[in-house]
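Commentary on secondary and tertiary structure
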Amino acid sequence: MSSDIRTAFDKASGTKTPRNPSRKSIARVKNPLPAPTRCRYCNAEVELVGNEQIYRRAYGEWPWAYLCTDLECGAYVGLHPFTAIPLGTMADAELREWRKSAKDAFNPLWQDGLEKRFSRSGAYAWLSGQLGIDAGACHVGWFDIGECQRVIFACGNIDQVSL
Ligand SMILES: [Zn+2]
């Protein structure tokens, strides 16, 4: 099916898909990034796909992704639930690992547990100050490898760096 026909089908059937997204969910996303059309690694076209093309099975409550059409590249990014808005910038395997490590370092600072010391918003305010990145752009899904490394450093040295 062409994407126009899919869009018409989704709207007519009422099924929520990235082509027939939830307006409420869109409104909740601050600073939405545009949907990627070209891969930032290899410049191939980017396609909206069901994420079973990445994980073999549909994964999560909103199983969609923007995927590079160059299979050897394989860069992708997920979507904010019930929208067509990408969660961040396209990531290849190396960057995905760095982002995962950055989240593993950062999330315990605000999630319930022994390392918790901030509210979620307080943690992001602290992080944006540490990185010198505007709070509206301080999302791990937007970061490059160097920024992920700085997140890991700042979180690992939280008792040494100034709060
Ligand atoms: Zn690519």
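Residues numbered from 1 in each chain as written. Predicted model: local features only at pLDDT ≥ 70, side-chain atom pairs only at ≥ 80, totals over all residues. Heavy atoms only, no water.

**Some words on the nonpolar core**
As a rule of thumb, soluble globular proteins bury nonpolar side chains together. Formed by 22 residues in total, the largest nonpolar core has its most connected members in Phe-106, Leu-109, Trp-126, Leu-127, Phe-143, Val-151 and Cys-155. Per-element accounting of this core gives the leading share, 5 residues, to helix 5 (residues 120-131). In terms of nonpolar packing, the next biggest core, distinct from the first, is built from 11 residues, Val-46, Tyr-66, Cys-68 and Leu-79 among them. (Core = buried A, V, L, I, M, F, W, Y, C linked by side-chain atoms within 4.5 Å. Buried < 20%, exposed > 50% of the residue type's maximum accessible area, 1.4 Å probe, protein only. Helix = DSSP H or I, 4+ residues; strand = E, 2+ residues; numbered from the N terminus.)

**Notes on the pattern of salt bridges**
A complete count under the given rule lists 3 salt bridges for this structure. Lys-100 serves as the salt-bridge partner of Asp-104, at 3.4 Å between the closest nitrogen and oxygen. Separated by 4 residues within a single helix, Asp-104 and Lys-100 lie in helix 4 (residues 93-106), roughly one turn from each other. (Salt bridge = Lys/Arg side-chain N within 4 Å of Asp/Glu carboxyl O.)

**Re the pairing of strand 1 (residues 46-50)**
Among the 5 residues that make up strand 1, 4 are buried, leaving the element largely enclosed by the rest of the structure. Where strand 1 meets strand 2 (residues 64-68), 5 bridges bridge the pair, whose relative direction is antiparallel. Looking at the pairing, Val-49 lines up with Ala-65 of strand 2. (Pairing = 2+ DSSP bridges.)

**Structural notes on the coordination of the zinc ion**
Tetrahedral coordination by four donors sets the ideal angle at the metal to 109.5 degrees; octahedral coordination by six donors sets it to 90 or 180 degrees. Those donors, Cys-39 (SG), Cys-42 (SG), Cys-68 (SG) and Cys-73 (SG), are the protein atoms that reach the zinc ion, and they lie 2.3 Å from it. In this structure, the zinc ion is surrounded by 4 donor atoms whose angles at the metal cover 93 to 118°, and the resulting shape is tetrahedral. Sequence spacing among the residues donating to the zinc ion works out to C-x2-C-x25-C-x4-C. With Cys-42 in the loop between helix 2 (23-28) and strand 1 and Cys-73 in the loop between strand 2 and strand 3 (76-78), the pair connects residues that are 31 residues apart, well separated along the chain. Taking the relative accessible area as the measure of exposure, Cys-73 reaches 22% and is therefore partly exposed. (Donors = N, O, S within 2.8 Å, 3.2 Å for Na, K, Ca; no water. Tetrahedral: all angles 85-135°; square planar, octahedral: opposite > 155°, others 65-115°.)

**Brief notes about the environment of Asp-92**
Positionally, Asp-92 belongs in the loop between strand 3 and helix 4. Sequence spacing of Asp-92 and Cys-68 is 24 residues, and the spatial spacing of their C-alpha atoms is 9.6 Å. Leave out the neighbours within four places in its chain, and Asp-92 touches Tyr-41 and Ala-75. Here the side chain of Asp-92 touches Leu-95 through a polar contact of 2.9 Å, landing on its backbone nitrogen. (Contact = heavy atoms within 4.5 Å. Polar contact = N/O pair within 3.5 Å; in protein donor to acceptor, adjacent residues only side chain to side chain.)

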